[in-house]
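So the chains spell out like this:
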Amino acid sequence: MKINHLKVNHLVNPMGFDLTEPTISYVVEETNGKRQTKAQVLAAKDEAFQNIIYDSGEKEDIVSTAFVLPIDMEPETRYYWKVRVWADNGESAESEAAWFETGKGGEWKADWITPSLPKDVQAVLMKNVSVSKPVKKARMYMVGLGVYELYLNGQKQGEEVLLPGLCDFDTWIPYQTYEMELQKGENLIEVALGDGWYKGWYGLRQTSENYGDRLAAIAELHITYEDGTTETICTDTSWKARRSRVVYSGIYPGEVYDTTLDTSKVFTVEAIDLDKKKLSPRLSPAITIHERIKPIEVIHTPAGETVLDMGQNMVGWLSFRCKAPEGTKLFFQFGEILQDDNFYNENLRTAKAEFTYISDGTERWVRQHFTFYGFRFVKVVGWEGEPDPEDFRGLVIHSEMEELGHIETSDPLVNQLIHNAKWGQKGNFLDVPTDCPQRDERYGWTGDAQIFSGTACFNMDTYAFYTKFGKDVYAEQLKLNGSVPDVVPVANYPGDASTAWGDAATIIPWNVYLHYGDKGILSRQYASMKAWVDYMRREDEKYGNKYLWQSGFHYADWLALDGNVEGGVYGATDPFLISSGYYYYSTNIVAKTAKILGKEEDAAYYKELAEKIYDAFIKEYFTPNGRLCVNTMTAHVVVLYMGLTPDFAYEKTCAGLLEILKKNKYHLNTGFVGTPYLCPVLSENGMNDIAYRLLMEKGFPGWLYEVLMGATTVWERWNSVMPDGKISGTGMNSLNHYSYGSIVEWMYRYMLGIQPCEEAAGFKKFRIAPVPNYQIQWAKASLRSAAGRIFSAWAIEGKNLKLEVTVPFDAQAVIVLPDAEIQAIAAQTKGKDGILSVVQAGKNVEVTAAAGTYIFCYEPTVPCRRIYSIDSPMEELMAYEGTKKVLDAEYFTFVKNLPFYDELYTLQELMNGPFTNVPYEQQEKIDRLLRAVE
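Residues numbered from 1 in each chain as written. Predicted model: local features only at pLDDT ≥ 70, side-chain atom pairs only at ≥ 80, totals over all residues. Heavy atoms only, no water.

K.L.:
Hey, could you run me through the pattern of salt bridges in this one?
P.N.:
Side-chain pairing between opposite charges can occur once the charged atoms of the two side chains come close. Counted according to the given criterion, the structure contains 57 salt bridges. In this structure, the salt-bridge partner of lysine 82 is glutamate 94, at a minimum N-O distance of 2.9 Å. In this pair, lysine 82 is assigned in strand β6 (residues 78-87) and glutamate 94 in strand β7 (residues 92-94), connecting sequence segments twelve residues apart. With relative accessibility at 42%, the residue glutamate 94 sits in the partly exposed group. In this structure, glutamate 179 and arginine 139 form a salt bridge, with 3.9 Å as the shortest nitrogen-oxygen distance. Here the residue glutamate 179 occupies a position in strand β14 (residues 173-179), and arginine 139 occupies one in strand β11 (residues 135-145), the gap between them amounting to 40 residues. Each of Arg349, Asp435, Arg439, Asp440, Glu441 and Glu716 takes part in one network of salt bridges that share partners. (Salt bridge = Lys/Arg side-chain N within 4 Å of Asp/Glu carboxyl O. Helix = DSSP H or I, 4+ residues; strand = E, 2+ residues; numbered from the N terminus. Buried < 20%, exposed > 50% of the residue type's maximum accessible area, 1.4 Å probe, protein only.)

Here you go:
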């Protein structure tokens, strides 16, 4: 038995974070035990645990996904902790020691300072610190604005970049903590500053100085000497400044770095009046370089350009080995795609995305500092000779998030789609969940964040990332009477209270709770969640108190393809149906959250409110005979997904959705609201084959279309690039936009069937309910969940379906075997250790199992080979190899040559359509086809 993945607030050994309520989690692995019988948590102020300050004792109610350490913490103190676990089979283990360190204590003695230079000049602040005796401990508590890097004796401190990141600087400013290795004698401390998001070129409305107009920093160096004495070095007017060799920098424009610049002249600094009360311990996980990618090719374009192809649309920096003579000017431009085989960056709009480097003749590896790029291709100007790929590396930058989930299937195109979605997350999870990482936007659009949050939680441990984002969401809400802005942080971008976008306040923390089982996120965000629902309630009351939200502007089904305007961005679905649907959905989440947090009065209130919204919704949007009044694909999907379909309307609603899909020739036309829910709704409601068909669609619109077009991340639009390789437009066309990557959540939850349960969040209890389909021959997923490693795999082997499932230690799963009979399954589970029950549940068999690995192989009651019906597309039916085996060549040719074959899409339509008038002998042949597929 081993105890691994020790975290505090889902961070590994965090130093200087906001740890108001330190919550530990751990995972037990490599054991034959089934469940944890007891555990013990120890905390101490020393790594040897000689000074124990907390001992839980051996307790049966310690839950591995979240245990709050009930200790009174002192500032600037490192605490060590470990856990002991006992299993039901007698095994036990003790973890290694983990730690966390609290942030700065007391009032800030330091001053905010700014260089006495023009405000557009990039600068470095500096201070010599003299150390005359042995140092026991030294910590630097500091932050620089806009972005900064800290150096000690010429060495960059820490692995993090682009600090302090992006937040609602109007409300709070997170500071960072550094462990400083001071040497005896003189120590030069330098703080390099860049404009960043805080004061540089950033934003679609106000394009600069969104939060401030001066570079600034505040810092306190706390030194504890071996003799017990202490010293504090503070930023004040005794510090000095010099010009930076980063001559110019910005999030959108890029960076200019001049190594020939004389920076020896020293300037004074001055105090600046910034509010110290805004300073707060950090929440953001580290922003670091995670991968280093070598270019796959050096391209010489028809236009005579030299272009590096990184082989992957990535986000971060370009590093290169510079050997250029003194005075050489190297110039780089970054883009996502080539056009006519030439470099192209017009879809970045006004963002320049450039880097200029002026060499001093010294050979060195070069990187950027205070910008980042979204790119696959790099145009290189000024390089002497043929560039060697070995001299270049793409530095992939994103927030620190442990990768948890991996999916692989029999289809390489689907595997590439999964890869693309994960890289979309990497590229857009840089401190804030942005819509895109490359053009003049890079905003924390709340709608995009909400849509993708389920996929994000499967892919990576996003608990800490979303905790920080949640703080910003609520900070912005407090300025808007509970409404949620369209983008967070706002950065002077107007707009709020749009359905689906505002629901990020409720849906994201709920998803995080379901995945990680730590209700701390609910406690922290409860006021925010409640404020959003209360805002919708007030809007409802203002416009008639109908228990519907039918007012205001809404993006609604953004970028749907069924809109009335060619090339428009607004879908055809009534935005008030969507807003009322989310009104119900979010209210339900708040009611459940209140119940979990023990807020019984709130739980009752919001439960009753949800019921009233439900009743009003049904009366408003369904006819008495069960027809949905808004006849769009997204409308049907929303009411089915959100539980807003009454029993009397269920059959007609499902049939209505199917009919719309048929009329659209089984292509989706949904946008940001409908798309994430479409395939889950189909799989849940008897149309799983169509969900797979949509997944496997290789034409426009479809996920695999962009894969076939060479995408390595997910596009913003279904047709961002046209079949001829030309980009479809430059107004709003990102090639790294994760929203539609939400299909991967369907793959986890339905294709592989891994579904968390509300009753025991964090996968302490969960379902494995895969829904295989012949269009994928096999699939497998591994998820390092909060409870431990979950594995789900299936394969179609002839007539048989084979499934393999792993349930982690101290967890329990209900394994749903599709189209199975209990007799066959009971024989395979009889006497199997860990099997708790086997029951027939309709057409499926449900096996409840404790920890362990389980393999099932059986012939489904609906054979895997029976893959077509009279509703199957004729085009697909005739392409199926099995059809050719069943039908002789003459008959196969007959079917292909049927009148109206190109217009008629399914066999059902063929039978009910103009074919009723064909000669009897032809009708008999059609009957043969029907019998063949049935």
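K.L.:
Help me understand the confidence of the model for the chain, please; the structure alone is not making it clear to me.
P.N.:
Low pLDDT marks stretches whose predicted atomic positions should not be read closely. For the chain, per-residue confidence averages 93 on the pLDDT scale, and 92% of positions sit at 70 or higher. Per-residue pLDDT stays below 50 along residues 865-871; that stretch engages in 21 contacts with residues further than four places along the chain or on separate chains. Residue range residues 910-923 is modelled with pLDDT below 50. Its contacts to residues more than four positions away, or to other chains, number 18 contacts. (pLDDT = per-residue confidence, 0-100. Contact = heavy atoms within 4.5 Å.)

K.L.:
For this particular structure, what's the right way to read the nonpolar core?
P.N.:
If you look at soluble globular proteins, the nonpolar side chains tend to sit buried side by side. Core analysis: the largest hydrophobic core is formed by 251 residues, its most contacted members being Phe320, Phe332 and Met747. Top contributing element to this core by residue count: helix α7 (residues 575-596), with ten residues. When neighbours within four sequence positions are excluded, phenylalanine 332 is seen to be in contact with Leu318, Phe320, Ala353, Glu354, Phe355, Val378, Lys379, Val380, Trp383 and Phe392. Among the nonpolar cores identified, the runner-up in size contains 28 residues, and Tyr26, Tyr54, Val85 and Ala464 belong to it. (Core = buried A, V, L, I, M, F, W, Y, C linked by side-chain atoms within 4.5 Å.)

K.L.:
I tried to follow the packing of helix α5 (residues 504-516) against α7 on my own but got confused; where do I start?
P.N.:
To describe two helices that pack against each other, one gives the angle between their axes and the distance between the axes. Following both chains from N to C, one finds α5 and α7 inclined at 45°, their axes separated by 10 Å at the closest point. Classified by the angle their axes make, α5 and α7 are oblique. The hand of the α5/α7 crossing is left-handed. Between α5, through Thr506, Ile507, Trp510 and Tyr513, and α7, the contact on the second element is made entirely by Tyr582, Tyr585, Ser586, Ile589, Val590, Lys592, Thr593 and Ile596. Grouping the amino acids of the contact of α5 with α7 by side-chain chemistry returns eight nonpolar, three polar and one charged. (Axes fitted to C-alpha atoms, helices over the stretch in contact; angles between N-to-C directions. Parallel < 35°, antiparallel > 145°, perpendicular 65-115°, else oblique. Left-handed = near helix turned anticlockwise from the far one by under 90°. Nonpolar A, V, L, I, M, F, W, Y, C, P; charged D, E, K, R; others polar.)

K.L.:
Could you clarify how one ought to interpret the sheet that holds strand β39 (residues 789-797) in this entry?
P.N.:
Across a sheet, paired strands are connected by hydrogen bonds in the backbone, their directions being either parallel or antiparallel. Judged by pairing direction, the sheet is antiparallel, and its five strands sit side by side in the order β33-β38-β39-β40-β44 without closing on themselves. Here the strands that pair on one side only, and so sit at the sheet edges, are β33 (405-409) and β44 (852-858). Neighbour to neighbour, the strand axes of the sheet diverge by 5° on average, direction disregarded. With seven bridges joining them, strand β40 (residues 800-807) and β44 adopt antiparallel strand pairing. Within β44, the residue paired with valine 805 across the bridge is tyrosine 854. (Pairing = 2+ DSSP bridges.)

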